[in-house]
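Coordinate inspection notes
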Amino acid sequence: MSQLFSKDNRQILTAPLNGDNPIMIQILGICSALAVTAQLEPAIVMGLSVTVITAFSNVIISIIRKTIPNRIRIIIQLVVVAALVTVVSMVLKAFAYDVSVKLSVYVGLIITNCILMGRLEAFAMMNKPWESFLDGIGNGLGYAWILVVIGAVRELLGSGTLLGYTIIPQGAYDAGYVNNGMMTMPAMALILLGIVIGVHRAVNKDIKS
Amino acid sequence: MEHALSLFVRSIFVDNMIFASFLGMCSYLAVSKNVKTSLGLGIAVTFVLLVTVPVDYLLQTKILAEDGLFGTDLTYLSFILFIAVIAGITQLVEMVVERFSPTLYNALGIFLPLIAVNCAIMGASLFMQQRIQMDPATSSQAISSLGDTFVYALGAGIGWTLAIVALAAIREKMAYADVPKPLQGLGIIFITVGLMAMAFMCFSGLSI
Amino acid sequence: MKLNTNSNIYTIIYACVVVVIVAFLLAFVSSALKAPSEANERIDQQKQILASLNLKPEKAQVESQYKQVVVADPIVDTLGNVVSESGGFKVKRKDIGKPQLPVYVCQINGETKYVLPMVGKGLWGTIWGYLALNDDCETVYGAYFSHESETAGLGALIAEADFQSEFKGKKIHDAEGNYLSVVKFGSKQEHPEVQCDGISGATLTTNGVNAMISDYLKMYKNFLNKKKQNL
């Protein structure tokens, strides 16, 4: 057990959460990060789906990495990812129908999420399955928490709710508080992400832009 | 005809790939440093869209759909087939362009391989798949014929090109601006794109 | 023996094996999950019909309550003749009114209600709704609307209960021939019997709702008149 969670492995898991975050530092997988964050629930589901898919595609590719013919490497990776994404989208349709309607085409777009291909090429092709799994989980969660932060802010300020439960008290509305409808628009997702990145850089001064 | 025109205008301005659905963001941010290269990438994306969306449309309606070649609903294979088509066609396009038009190849060359993982291409195909279900009588987004797919692909491509060239132009000027330190680089770009998206929101009142 | 992973034959065989494995895997998962995902779509439609009757059951109870409430789903034509005694539920949204008109006959607390599905054009895409009428075929019992892609926070509000509850108790048309409609938010209701408050900033979507309601009420007119005569 201690070997499974050695210092190096913990490093693999935690680096993408902060210092090597896929969204903020590597600028990967932004498309879906923005489109599904108007509410918290789809953001969480999307984050989890990406985490699961990254982890498992990493493991699968890592297991078969020595057998893959070099020439069709990218296609094989895409096929594995596409198969996993199809499975996830079918599972969502069967067990979380409402969310799958909200995510619409963005579930399918996980295939072209650069985080996946990036991790497969940069990590899974060169490392053992267990490390690849940790790397996948780490990067998936690094992606997920940004989605959750943006989704929470947008839902709270945009419609005064979190996960559909009203948070802003009625008294605030009576006193003149108004939901900021702008927050539910796509444009604010970009600006919020800009601010999140700015704050992150201001706190971690050692990160080069 | 009227439907085609409104679909075209909508795909460029209202359903803009970048500002309304955030597709193709990765290369959008990475390659928008100067106007000339971004124009090249924009043209390459439009080109690939024009080939892949109609091909995927034919696949979806003639083979995967319930009344298609195999008589059963094979939609669950669509993700794999679409991505394979995209990856295959990008390579094919690269080879064809290299063989027949070296000048165009030199202009687009480095961008073509990048496009296989550009979500705008996959996204356009998935949107197309979704819009086949829509009713052209009530929705100007509906895609109901092969002709519509060309119109949609062209519109989406032009919209993407427009967005990336505009951002590149702003970034060229922004190089001289005094941006607060933590926002330098990525942060300010996102905020800029957000403001541009807001400007594009005004097209949403467009009654076509 | 070490495999030469770069040989042509190996590459081709490898690709084939991967494709076959993946295809079988997906076919298996798809058939395993087909039943629950189709049930989800069915439940979603039933939920919308129940919502127009002001019923909001938990997801698990939707099907049982639907069976209890909806007693028949005949299809009628624009002349008011019944074309088919059942099967209205299966009419695809695209085909409603062209020329099949499904009617859901419902029983709530011993009273008969008629739910009329309708489809129209919003600002961005298709909008649709269910209008529930009392057995006098004139008074609105409840309404449900939804949409494909209206603007979030503006047009999309037609799917919210606040807007839909405006319709309760209104008449579908008045003596002057005005149809049930939504007026611009804040403007005076000249015919309060048939008019509801609109949504500010969503004029084009609500115009679509108005057009949809009047179009479909015209189509259902003969059916409703026949029912009225039989009262």
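Being a predicted model, the structure only gives us computed values, none of them experimental.

Notes on the overall build of chain A
- Helix and strand counts for chain A come out as 10 helices and two strands.
- Its C-alpha radius of gyration of 19 Å places chain A within 12% of the 17 Å reference for a compact globule of 209 residues.
- Split into buried and exposed, the 209 residues of chain A put 54% on the buried side.
- A total accessible area of about 8,700 Å² is found for chain A, and carbon and sulfur atoms account for 67% of it.
- Computed over 14 positive and 10 negative side-chain charges, the separation of the two mean positions in chain A equals 11 Å.

Brief notes about the overall build of chain B
- Within chain B, the regular secondary structure consists of nine helices and zero strands.
- Counting helices and strands in the order they occur from the N terminus, chain B gives α-α-α-α-α-α-α-α-α.
- By the compact-globule yardstick of 17 Å for 208 residues, chain B fits well, its C-alpha radius of gyration being 18 Å.
- Each of the 208 residues in chain B was classed as buried or not, and the buried ones make up 57%.

A short note on the interface of chain B and chain C
- Contact residues are listed per partner, giving 17 residues for chain B and 15 residues for chain C.
- For the pair chain B and chain C, the summed buried surface comes to about 1,300 Å²; carbon and sulfur atoms form 58% of the total.
- The interface formed by chain B and chain C contains zero salt bridges.
- Taken together, chain B and chain C are joined by zero residue pairs in polar contact (both at pLDDT 80 or more).
- Its residues assigned to classes, the side of chain B that touches chain C comprises eight nonpolar, seven polar and two charged.

Some points on the side chain of Ser37(C)
- Mapped onto the fold, Ser37(C) is located in helix H1 (residues 8-52).
- Of the polar contacts made by the side chain of Ser37(C), one reaches the backbone oxygen of Leu33(C); its length is 2.9 Å.
- Only 3.2 Å separates the side chain of Ser37(C) from the backbone oxygen of Lys34(C), close enough to count as a polar contact.
- The contacts of Ser37(C), once residues within four sequence positions are left out, are Lys93(A) and Ala94(A).

Quick word on the packing of H1(C) against helix H2 (residues 62-69) of chain C
All names here are of chain C.
- Contact geometry for H1 and H2: axes closest at 10 Å, N-to-C directions at 50°. Accordingly, the angle class assigned to the pair H1 and H2 is oblique. The way H1 lies across H2 gives a crossing that is left-handed. Along its contact with H1, which presents Arg 42, Ile 43, Gln 46, Lys 47, Ile 49 and Leu 50, the element H2 presents Val 62, Glu 63, Gln 65, Tyr 66 and Val 69.

Let's talk about the nonpolar core
- Within the largest apolar cluster, 130 residues are counted, with the highest numbers of intra-cluster contacts made by Met25(B) and Tyr28(B).
- For Met25(B), the contacting residues outside a window of four places in its chain are Ile30(A), Cys31(A), Leu34(A), Leu190(A), Ile18(B) and Val193(B).
- Counting 54 residues, the second largest nonpolar core, distinct from the first, contains Val76(C), Ala132(C), Met212(C) and Tyr220(C).

Digging into a nonpolar patch on the surface
Residues and elements named next belong to chain A.
- Nonpolar side chains collect at one region of the surface, where Ile 44, Leu 48, Val 148, Leu 163 and Tyr 165 lie side by side and expose about 460 Å² of accessible area between them.
- Of note, Val 148 is situated in helix H8 (residues 129-159).
- We classify Val 148 as partly exposed; its relative accessible area is 30%.

Overview of the interface of chain A and chain B
- In this complex, chain A contributes 42 residues to the contact, which on the side of chain B involves 36 residues.
- In total, chain A and chain B occlude about 3,100 Å² of area from one another, counting both sides; carbon and sulfur atoms represent 85% of this.
- In terms of surface lost to chain B, no three residues of chain A exceed Cys31(A), Thr112(A) and Leu190(A), which account for 18% of the buried area on that side.
- Applying the counting criterion to the chain A and chain B interface returns zero salt bridges.

Let's talk about the pattern of salt bridges
- Applying the stated rule across the entire model yields eight salt bridges over all chains.
- Between Asp135(A) and Arg119(A) there is a salt bridge whose closest N-O contact spans 2.9 Å. Note that Asp135(A) is positioned in helix H8 and Arg119(A) in helix H7 (residues 114-124), a separation of 16 residues in sequence. Both residues of the pair, Asp135(A) and Arg119(A), count as buried.
- A salt bridge links Glu138(C) to Lys228(C); the shortest N-O distance between them is 3.2 Å. You can see Glu138(C) sitting in the loop between strand S7 (126-133) and strand S8 (140-147) and its partner Lys228(C) sitting in helix H4 (residues 203-229), a full 90 residues away along the chain.

Notes on helix H10 (residues 186-203) of chain A
- The first and last C-alpha atoms of H10(A) sit 26 Å apart over 18 residues, in line with the 26 Å expected at 1.5 Å per residue.
- In terms of burial, H10(A) is a largely internal element, 13 of the 18 residues being buried.

A closer look at helix H3 (residues 40-63) of chain A
- Over its 24 residues, H3(A) runs 35 Å from end to end, which matches the ideal 34 Å to within 8%, given 1.5 Å per residue.
- Counting buried positions along H3(A) gives 17 out of 24 residues, so the element sits mostly inside the fold.

Observations regarding the sheet that holds strand S3 (residues 82-84) of chain C
All names here are of chain C.
- Read across the open sheet, the three strands follow the order S3-S2-S4; overall the sheet is antiparallel. Across the chains shown, the open sheet's two edge strands, defined by having one partner strand only, are S3 and strand S4 (101-102).
- Inspection of the sheet shows strand S2 (residues 75-76) paired to S4 by two bridges, in the antiparallel sense. In the sheet register, Val 76 faces S4, and the bridge partner there is Leu 101.

Points about the environment of Leu78(A)
- When you line up the elements, Leu78(A) lands in helix H4 (residues 73-95).
- When its relative accessible area of 4% is taken as the criterion, Leu78(A) is described as buried.

Brief notes about the packing of H3(A) against H4(A)
All names here are of chain A.
- The N-to-C vectors of H3 and H4 enclose an angle of 140°; their axes lie 10 Å apart at closest approach. Handedness of the crossing formed by H3 with H4: right-handed. Between H3 and H4, the residues in contact are Val 45, Ser 49, Ile 53, Phe 56, Ser 57, Ile 60 and Ile 61 and Gln 77, Val 80, Val 81, Leu 84, Val 85, Val 88 and Leu 92, respectively.

Some points on the sheet that holds S8(C)
Residues and elements named next belong to chain C.
- Read from one edge of the open sheet, five strands run S1-S5-S6-S7-S8, paired in antiparallel fashion. Sheet topology places strand S1 (70-72) and S8 at the edges, where each strand pairs with a single neighbour. Looking at each pair of strands side by side, their axes are set apart by 30° on average, direction ignored.
- Direction of pairing for strand S5 (residues 104-108) relative to strand S6 (residues 111-121): antiparallel, over a ladder of five bridges. Bridging from a neighbouring strand, Gln 107 pairs with Thr 112 of S6.
- Here H4 sits on the sheet and contacts S6, S7 and S8; the angle it forms with S6, its principal contact strand, is near 135°.

Here we look at the confidence of the model for chain A
- Looking at chain A as a whole, the pLDDT averages 82, with 94% of positions reaching at least 70.
- Across chain A, the secondary-structure element scoring lowest on mean pLDDT is helix H2 (residues 30-35) of chain A, at 73, and the one scoring highest is H3(A), at 90.

Reading guide: rules and limits
- Residues numbered from 1 in each chain as written.
- Chains lettered and ligands numbered in written order.
- Predicted model: local features only at pLDDT ≥ 70, side-chain atom pairs only at ≥ 80, totals over all residues.
- Heavy atoms only, no water.
- Helix = DSSP H or I, 4+ residues; strand = E, 2+ residues; numbered from the N terminus.
- Rg over C-alpha atoms; globule rule 2.2 N^0.38 Å.
- Buried < 20%, exposed > 50% of the residue type's maximum accessible area, 1.4 Å probe, protein only.
- Areas by Shrake-Rupley, 256 points an atom, 1.4 Å probe, with all protein chains shown as cover.
- Lys, Arg positive; Asp, Glu negative; His and termini not counted.
- Charge placed at Lys NZ, Arg CZ, Asp CG, Glu CD.
- Contact = heavy atoms within 4.5 Å.
- Buried area = accessible area lost by both parts, 1.4 Å probe.
- Salt bridge = Lys/Arg side-chain N within 4 Å of Asp/Glu carboxyl O.
- Polar contact = N/O pair within 3.5 Å; in protein donor to acceptor, adjacent residues only side chain to side chain.
- Nonpolar A, V, L, I, M, F, W, Y, C, P; charged D, E, K, R; others polar.
- Axes fitted to C-alpha atoms, helices over the stretch in contact; angles between N-to-C directions.
- Parallel < 35°, antiparallel > 145°, perpendicular 65-115°, else oblique.
- Left-handed = near helix turned anticlockwise from the far one by under 90°.
- Core = buried A, V, L, I, M, F, W, Y, C linked by side-chain atoms within 4.5 Å.
- Patch = residues over 30% accessible without salt bridge, like charges linked within 9 Å, V, L, I, M, F, W, Y side chains within 5 Å.
- Expected span 1.5 Å × (residues − 1).
- Pairing = 2+ DSSP bridges.
- pLDDT = per-residue confidence, 0-100.

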